[in-house]
Amino acid sequence: YSEGKSGLKDKDLWGLEGIYLNLLLERGIIGLMVYVVFWGGILLFIYKKRMQDKKAYSLCFSVVTAYLLFSIMTGELSSLFITMLILGIGLRQMKNQLYSA
């Protein structure tokens, strides 16, 4: 199998599922830990600001949770841009609510 004569060797890793496996393969354990700390920090920040605007909190929390579940199960599939766009709108709404109160 290692010589690839039987056609069972996948050279492009098309069967690789989940962003965490891809990060672990490309960037190693340090890159995976940076990814986890980044998204954990965003979730922690959103959780701390939850009482200021509950609608914006629920938007941000659900978008991040949906993105993380989707990326862990199927891979990123170019969904990071729209996730960050919606997350930025929600975080801005939380910030505006903070200063208006």
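Note that this is a predicted model, so its numbers are computed, not measured.

About the cut-offs
Residues numbered from 1 in each chain as written. Predicted model: local features only at pLDDT ≥ 70, side-chain atom pairs only at ≥ 80, totals over all residues. Heavy atoms only, no water. Phe/Tyr/Trp six-rings, centres within 6.5 Å; stacked < 30°, edge-to-face > 60°. Helix = DSSP H or I, 4+ residues; strand = E, 2+ residues; numbered from the N terminus. Buried < 20%, exposed > 50% of the residue type's maximum accessible area, 1.4 Å probe, protein only.

Caption draft 1: Molecular detail of the packing of aromatic side chains. Counted under the stated rule, the structure contains three aromatic pairs. Relative to tyrosine 67, the ring of tryptophan 39 lies with its centre 5.1 Å away and its plane at 40 degrees, an arrangement referred to as tilted. One end of the pair, tryptophan 39, is in helix α1 (residues 19-48); the other, tyrosine 67, is in helix α2 (residues 54-74), and 28 residues separate them in sequence. For the residue pair tryptophan 39 and tyrosine 67, the accessibility class agrees, reading buried in each case. With a centroid separation of 5.8 Å and an interplanar angle of 25 degrees, the aromatic rings of tyrosine 57 and phenylalanine 61 are classed as stacked. Of this pair, tyrosine 57 and phenylalanine 61 both sit in helix α2, four residues apart, which is roughly one turn of the helix. Look at tyrosine 57 and you get buried, because its relative accessible area is 18%. In this structure an aromatic cluster arises from ring pairing among Phe38, Trp39 and Tyr67.

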